[in-house]
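Coordinate inspection notes
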Amino acid sequence: MLYSKKVMQHFLRPKNIGKIKNADGIGKAGNPVCGDVMYLYIKIGKKKKGKKIIEYIKDIKFETLGCAAAIAVSSMLTEMVKGKTLDEAKKIDDRAIVKALGGLPKEKFHCSVLGKKALEEAIKDYEKKKEKLTG
């Protein structure tokens, strides 16, 4: 199985690894078949755009127990969504992650789906917490 140069860079030197204390949202995704487990932690910032207040991903970190592809996907995803609005982050799909990594072997595509799922879960978690606070 051959990995792209970009996959190897993100596997050997992952970006944004770790946990965010008091994260605004936490997402978890796992694959029981291969055993990969991914946790994403997000911190939300707010900025003014005209009269609207826009929420964006101020910080994002991950903890992944898995193969090289799962770690590379986690690292690349954090780089792709940091600084994006929640709406922009929601639009990133697994194909975009694979493309940004310069491709993945077919049998490792499920790792990109895990990344997208963990991000969706982290955003949902944040939105649920926010809803409880604002009622």
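Up top is the structure these notes are about.
The paragraphs below set out a description of the structure included in this document.

The rules we used
- Numbering of residues starts from 1 in each chain and follows the order in which that chain's sequence is written.
- Local features in this predicted model are restricted to residues of pLDDT 70 or higher, and side-chain atom pairs are both shown and tallied only at a pLDDT of 80 or more, whereas totals for entire chains, interfaces and linings draw on every residue.
- The basis for every side-chain value is the complete set of non-hydrogen atoms in the structure, without hydrogens or water.
- Strands were regarded as paired on the criterion that DSSP finds at least two bridges between them.
- The helix count covers DSSP runs of H or I at least four residues long, the strand count covers runs of E at least two residues long, and both are numbered beginning at the N terminus.
- Under this scheme, a helix contributes an axis fitted over its contacting stretch, all axes are lines through C-alpha atoms, and angles between N-to-C directions fall in the 0 to 180 degree range.
- Residues count as neighbours in contact if any of their non-hydrogen atoms are within 4.5 Å of one another.
- Only protein atoms enter the 1 Å grid used here, on which a cavity is any set of points holding a 1.4 Å probe that cannot leave and a pocket is any open set flanked by protein within 12 Å on both sides along at least five of seven lines; residues with an atom within 4 Å of a point are listed as lining.
- Grid points are joined across faces, edges and corners, and a volume is the space filled by probe spheres set on the points.
- Three classes are used: nonpolar for Ala, Val, Leu, Ile, Met, Phe, Trp, Tyr, Cys and Pro, charged for Asp, Glu, Lys and Arg, and polar for all others, with Gly counted as polar.
- As used in this record, nonpolar core signifies buried Ala, Val, Leu, Ile, Met, Phe, Trp, Tyr and Cys residues forming a set joined through side-chain atoms within 4.5 Å.
- Categorising residues by exposure relies on relative accessible area from a 1.4 Å probe, with only protein chains included: less than 20% of the type maximum marks a residue as buried, more than 50% marks it as exposed, and the intermediate range marks it as partly exposed.
- An expected span of 1.5 Å times one less than the residue number is assigned to each helix.
- Working rule for angles: under 35 degrees goes down as roughly parallel, over 145 as roughly antiparallel, 65 to 115 as roughly perpendicular, anything else as oblique.
- The hand of a helix crossing depends on one turn: near helix anticlockwise from the far one by less than a right angle means left-handed, and clockwise means right-handed.

A few words now on the sheet that holds strand β1 (residues 25-30). Read from one edge to the other, the open sheet built from three strands follows the order β1-β2-β3, with strand pairing classed as antiparallel. Each end of this open sheet is capped by a strand with a single partner; those strands are β1 and β3 (52-65). For this sheet the average axis-to-axis angle between neighbouring strands, irrespective of direction, equals 25 degrees. Where helix α2 (residues 68-81) meets the sheet, its contacts fall on β2 (37-49) and β3, and the angle it forms with β3 comes to roughly 165 degrees.

Right, let's get into the layout of surface pockets. When its volume is computed, the largest pocket comes out at roughly 270 Å³. Those elements that place two or more of their residues in the lining of the largest pocket are β2, β3, α3 (86-91) and α5 (109-134). Taken together, the residues of the lining of the largest pocket sort by class into four nonpolar, one polar and nine charged.

One finds I42, I57, V81 and L119 to be the most contacted residues of the largest nonpolar core, which totals 32 residues. Looking at this core, the element that brings in the most residues is α2, giving eight residues. Residues in contact with I57, not counting those within four places in the same chain, are I42, K43, I44, V81, K82, G83, K84, L86, A89 and L119.

Glancing now at α2. Taking 1.5 Å of rise per residue, the 14 residues of α2 would be expected to cover 20 Å, and the 20 Å separating its terminal C-alpha atoms lies within 8% of that figure. A large share of α2 lies buried, amounting to 13 of its 14 residues. Looking one or two residues beyond α2, the residue adopting positive phi is G83, at roughly 90 degrees.

Turning our attention to the side chain of K116. Mapping K116 onto the fold places it in helix α5. With residues near it in sequence (within four places) discarded, K116 still touches L77, A89, K90, K91, I92, D93, D94 and I97.

At N16, a position not held by glycine, the phi torsion is positive, near 60 degrees. In this structure, N22 is a non-glycine residue whose phi angle is positive, near 55 degrees. Examined against the element boundaries, N22 turns out to sit in the loop between α1 (5-12) and β1.

Where α2 meets α5, the closest approach of the two axes is 9 Å, and the angle between their N-to-C directions is 45 degrees. By the angle class used here, α2 and α5 are oblique. Read as a crossing pair, α2 and α5 show a hand that is right-handed. On α5, the residues that touch A69, A70, V73, L77 and V81 of α2 are C111, S112, G115, K116 and L119. Tallied by class, the residues present in the contact of α2 with α5 amount to seven nonpolar, two polar and one charged.

This part is about the pairing of β1. Only one face of β1 is covered, namely the one carrying G25, G27 and A29; the face carrying I26, K28 and G30 has none of its residues buried. The pairing of β1 with β2 spans six bridges and is classified as antiparallel. Paired with G25 across the two strands is I42, which belongs to β2. Where β1 folds back onto β2 in an antiparallel hairpin, the turn is made up of six residues, including G35, whose phi is positive at roughly 90 degrees.

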